[in-house]
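Coordinate inspection notes
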Amino acid sequence: MTVRPLSLLLLGLCAFGCGDDDGSSDAGPRADAPRADAPGVDAPGTDAPGTDAPTADAPGIDSGPTACSTAALPSLALEDVARFRSPVFVTSAPGDDDTLYVVEKGGAIRVVEGGTTVRDQNFLDIGGLLTDGEQGLLGLAFHPDYALNGRFFVYVTPSGPRRNTVREYRRSDDDPYRADSTAVATLIDENDSESNHNGGMIAFGPDGYLYVGMGDEGGGGDRHGPTGNGLNTQTLFGSILRLDVDAGPSYAAAGNPFDGSDGRTQIWAYGIRNPWRFSFDRSTGDLWIGDVGQGSFEEITWMPSPIAPGANLGWRAYEGFSVFDEGLVSMVPDHFEPIIDYRQGRDDEPIQQGCSVTGGYVYRGTGIPALQGWYLYGDYCSPSVAAIRTCEGALQDHERIDDLSFGGSNLVSFGQNGHGDLFIVFLDGSLRRIVPG
């Protein structure tokens, strides 16, 4: 029996990894027809481990509409913040809710003070990276105790040889908006035979552990052995990893499902194609994953808290709800299904003409009360932004947000600051804040 999250309903970049790829680099949203402006083609220009997830009635958090109540999306708009060179992510650091850190694919992390002023000096510059296609500086996560310890982590794709790497850096003692240039630790360093499907999202969960999104290594159809990397727990590819940043040399977190004989100890969940952005609901601890499809479907997976270890999300036996490889279906009789999928290249979906999903966040800010509890996401190839609302463990609403659609090109990421305000990042250079309409 297929598991759906308590319901019968229910990721260039293409966006970093789109459909119909043939083994060549996914330089653009469709690998069968790479676009010159696709992500990665160098377009110009918490709590300690073991603590409970935050609750919806925590101070300053409005839990929004009651369960199953009728709720319409509020009027929304996009407000320009600043422009950057190929930005791919934005976040803030614990203890400094108003400062934004913008990740540029070429290797720089920029600082926006007070949410409006871009500092001339970069927070960090990382060299030695492969930055073409879906490669580069892809992810950034600050330690939950960053205000005290100055520790933060990045996901990069270095050369010599090509690999997917998670490193730790430290804040400078001389300037709180500068980092020391030398990495102090390497948590993951996996050789990678393909340039696409690198995942790249990293985030601390409510349990205090660092979660890492690893794509299936790349190419088309996960052609890596008889099952593909997604269903092979002896490789880190095609997985969400869960790391204890204080438990080297393996950094595997306690409670992970595999002991080394039956799978790599760092793996938390597997059966994933290219998790291009995931996030934890800061109110409930639920995990939301945008997983880029092959050639037909894009999908969003919702994993309500508490999340059981060892979930199999089905790739490459399944793409969305549909069978992709009939010969592997028997391997995943109880796989964890997405909450929604949508067809690529259609106008009758909440995401119009999509080809590469960009996962987002559940809104938990205070400035737009009627948006509370809605999960926002987009697509690198589409002008659309869409929203999902759940009710008692099931999908209740899934609709396009017309106010935010057509707001930019190459939607590559969402982000949030310490207040829960949401931002949208476009690879063409713009960073925009979602505000009341």
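These lines cover the structure that appears in this document, whether it is placed above or below. Predicted, not measured: the structure shown is a model, and the values here were computed from it.

Cut-offs and rules
Residues numbered from 1 in each chain as written. Predicted model: local features only at pLDDT ≥ 70, side-chain atom pairs only at ≥ 80, totals over all residues. Heavy atoms only, no water. Helix = DSSP H or I, 4+ residues; strand = E, 2+ residues; numbered from the N terminus. Buried < 20%, exposed > 50% of the residue type's maximum accessible area, 1.4 Å probe, protein only. Areas by Shrake-Rupley, 256 points an atom, 1.4 Å probe, with all protein chains shown as cover. Pairing = 2+ DSSP bridges. Axes fitted to C-alpha atoms, helices over the stretch in contact; angles between N-to-C directions. 1 Å grid on protein atoms, 1.4 Å probe; cavity = no way out; pocket = protein on both sides within 12 Å on 5 of 7 lines; lining within 4 Å. Points joined across faces, edges and corners; volume = space filled by probe spheres on them. Nonpolar A, V, L, I, M, F, W, Y, C, P; charged D, E, K, R; others polar. Phe/Tyr/Trp six-rings, centres within 6.5 Å; stacked < 30°, edge-to-face > 60°. Lys NZ or Arg CZ within 6 Å of the ring centre and 35° of its normal. Salt bridge = Lys/Arg side-chain N within 4 Å of Asp/Glu carboxyl O. Contact = heavy atoms within 4.5 Å. Polar contact = N/O pair within 3.5 Å; in protein donor to acceptor, adjacent residues only side chain to side chain.

1. Some points on the overall build of the protein chain
- Across its full length, the protein chain holds one helix and 28 strands.
- Of all 437 residues assigned to the protein chain, the portion counted as buried reaches 62%.
- Of the roughly 15100 Å² of accessible surface on the protein chain, a fraction of 47% belongs to carbon and sulfur atoms.

2. A short note on the sheet that holds strand β7 (residues 137-142)
- Reading across the sheet, the four strands line up as β7-β8-β9-β10 and stay open at both edges, with antiparallel pairing between neighbours. The sheet terminates laterally at β7 and β10 (185-191), the two strands that pair on one side only. Between one strand axis and the next, the sheet turns by 15° as a mean value, whatever way the strands run.

3. Structural notes on the pairing of strand β15 (residues 275-280)
- Most of β15 is tucked away, with six of its six residues classed as buried.
- When β15 meets strand β16 (residues 287-291), the two strands line up antiparallel, connected through four bridges. Of the residues in β16, the one forming a bridge with Ser279 is Trp288.
- Connecting β15 to the next strand, β16, in antiparallel fashion are six residues, including Gly285 with a positive phi near 85°.

4. Notes on the pairing of strand β25 (residues 394-400)
- Both strand β24 (residues 385-391) and β25 contribute to a ladder of six bridges, which runs antiparallel. By the bridge assignment, Arg389 is partnered in β25 with Asp397.
- Between β24 and β25, which pair antiparallel and follow one another directly, the connecting turn spans two residues, one of which, Glu392, has a positive phi of 50°.

5. Digging into empty space enclosed by the protein
- Approximately 50 Å³ is the volume attributed to the largest cavity.
- Size it by volume and the second largest cavity reaches roughly 30 Å³.
- Forming the boundary of the second largest cavity are Ser382, Pro383, Ser384, Val385, Leu404, Ser405, Phe406, Gly407, Gly408, Leu411 and Phe426.
- Taken together, the residues of the lining of the second largest cavity break down into six nonpolar, five polar and no charged.

6. Thoughts on the packing of aromatic side chains
- For the structure on display, the rule yields 17 aromatic pairs.
- Seen from their ring centres, Phe278 and Phe280 are 6.5 Å apart, and the 90° between their planes marks the pair as edge-to-face.
- Relative accessible area serves as the criterion here: at 1%, Phe278 is assigned to the buried category.
- An angle of 45° between the planes, with centres 4.7 Å apart, marks the rings of Trp315 and Phe324 as tilted.
- Judged by relative accessible area, which is 33%, Phe324 ranks as partly exposed.
- Linked through ring pairs, Tyr101, Phe123, Phe142, Tyr146, Phe152 and Tyr169 together constitute an aromatic cluster.
- Positioned above the aromatic ring of Tyr146 is the side chain of Arg171, whose terminal nitrogen or guanidinium carbon lies 4.7 Å from the ring centre.
- Across from the ring centre of Trp276, 4.0 Å away, lies the NZ or CZ of Arg277, which sits over that ring.

7. Considerations on the sheet that holds strand β1 (residues 76-83)
- Taken in spatial order, the four strands make up an open sheet running β1-β28-β27-β26, and their pairing is antiparallel. Lying at the two open borders of the sheet, with one neighbouring strand each, are β1 and β26 (411-416). The mean angle between the axes of side-by-side strands here comes to 30°, regardless of whether they run parallel or antiparallel.
- Judged from the five bridges that link them, β26 and strand β27 (residues 422-426) form a sheet pairing that is antiparallel. Across the sheet, Leu411 pairs through a bridge with Phe426, a residue of β27.

8. Focus: the pattern of salt bridges
- Tallied over the entire structure, the rule returns 15 salt bridges.
- Close ionic contact of Arg151 with Glu168 constitutes a salt bridge, the shortest N to O distance being 2.6 Å. Note that Arg151 is positioned in strand β8 (residues 151-156) and Glu168 in strand β9 (residues 163-170), a separation of 17 residues in sequence.
- Residue Glu168 is classed as buried on the basis of its relative accessible area, which comes to 3%.
- A salt bridge links Asp397 to Arg389, with the nearest nitrogen and oxygen atoms 3.1 Å apart.
- We classify Arg389 as buried; its relative accessible area is 5%.
- Sharing partners across several salt bridges, the network here consists of Arg151, Glu168, Arg170 and Asp246.

9. Quick notes on the environment of Asp428
- Among the structural elements, Asp428 can be located in the loop between β27 and β28 (430-436).
- Sequence-wise, Asp428 and Leu411 are 17 residues apart; in three dimensions their C-alpha atoms are separated by 8.5 Å.
- Excluding residues that lie within four positions of it along the chain, Asp428 makes contacts with Arg83, Ser409 and Asn410.
- Within the structure, the side chain of Asp428 is placed 2.9 Å from the side chain of Ser409, a separation counted as a polar contact.

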